[in-house]
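Descriptive analysis of the structure
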Amino acid sequence: SGPTGSTGATGIQGSSGPTGSTGATGNQGPTGATGQGGPTGSTGATGNAGPTGSTGATGATGNAGPTGSTGVQGPTGSTGVTGVQGPTGNTGATGVQGTSGPTGSTGATGNAGPTGSTGATGATGGAGPTGSTGATGSQGPTGATGQGGPTGSTGSTGNAGPTGSTGSTGTTGNQGPTGATGQGGPTGSTGSTGVQGPTGSTGATGTAGTSGPTGSTGATGNQGPTGNTGATGATGNAGPTGSTGATG
């Protein structure tokens, strides 16, 4: 036989065989370092104030004890979780009544009292004819009262003349200056304490305090189970068959 001919050109690669089964899941790697904590959430809205407790009976007023000296403030503990606000406690006993305030200013001078009873009628003199009453002049300031002179002897009573017609009343004179205000009377005894008024409406909610420190990040949870392997994709079309090499 003759010598062996040269090898023909390699044919085109055939289509890939089917995908093998998925290998077993490898062991879980070590847990990564814990990430930084996220930012602190905003403070929740302030809850509604609980109902006002009933007012306890007012106890007898005790004597106030001396105020003790204030102790040194201890260090502030870490802020615990805010508990639910309890109901408002009973109103404490009424404190000791404070000292009386200063005496108020003297009130305005009261109206003049009623005119006193008319003194005894003096001896009637001989009546002259009644003149018309002149207009009353403005009253001057009252002068100091002079010493009374000795009382003269009473003359004999004359016969009463006819009564003249009454003259018209003159205009009232201007009021004289008000006399100096007398000394204020002693301060009256303090009245009994009035009944306590109703509880006032609750004041507006104060501004929210500053947020406490962010708590430490909790431990990382366990890794969930591995998900199911997805379905194998469709096998691609086989490539064209290569041309057969020349026969050696």
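Rules used in this analysis
- Residues numbered from 1 in each chain as written.
- Predicted model: local features only at pLDDT ≥ 70, side-chain atom pairs only at ≥ 80, totals over all residues.
- Heavy atoms only, no water.
- Helix = DSSP H or I, 4+ residues; strand = E, 2+ residues; numbered from the N terminus.
- Buried < 20%, exposed > 50% of the residue type's maximum accessible area, 1.4 Å probe, protein only.
- Contact = heavy atoms within 4.5 Å.
- Areas by Shrake-Rupley, 256 points an atom, 1.4 Å probe, with all protein chains shown as cover.
- 1 Å grid on protein atoms, 1.4 Å probe; cavity = no way out; pocket = protein on both sides within 12 Å on 5 of 7 lines; lining within 4 Å.
- Points joined across faces, edges and corners; volume = space filled by probe spheres on them.
- Nonpolar A, V, L, I, M, F, W, Y, C, P; charged D, E, K, R; others polar.

As a further point, take the overall build of the protein chain. A count of helices and strands for the protein chain gives zero helices and zero strands. For the protein chain, with 248 residues in total, the buried portion stands at 1%. Contacts in the protein chain between residues at least 24 apart in sequence constitute 100% of all its contacts with a sequence separation of at least 6. As displayed, the protein chain offers around 22,500 Å² of accessible surface, 50% of which is attributable to carbon and sulfur atoms.

Quantified by volume, the largest pocket comes out at close to 570 Å³. Thr-43, Gly-44, Thr-46, Thr-82 and Gly-209 are the residues nearest the centre of the largest pocket, which is lined by 22 residues in total. Grouping the amino acids of the lining of the largest pocket by side-chain chemistry returns five nonpolar, 17 polar and no charged. In this model, the second largest pocket occupies a volume close to 200 Å³. In terms of lining, the second largest pocket is formed by Thr-58, Thr-61, Thr-94, Gly-95, Gln-97, Thr-193, Gly-194, Val-195 and Gln-196. Broken down by class, the residue content of the lining of the second largest pocket amounts to one nonpolar, eight polar and no charged.

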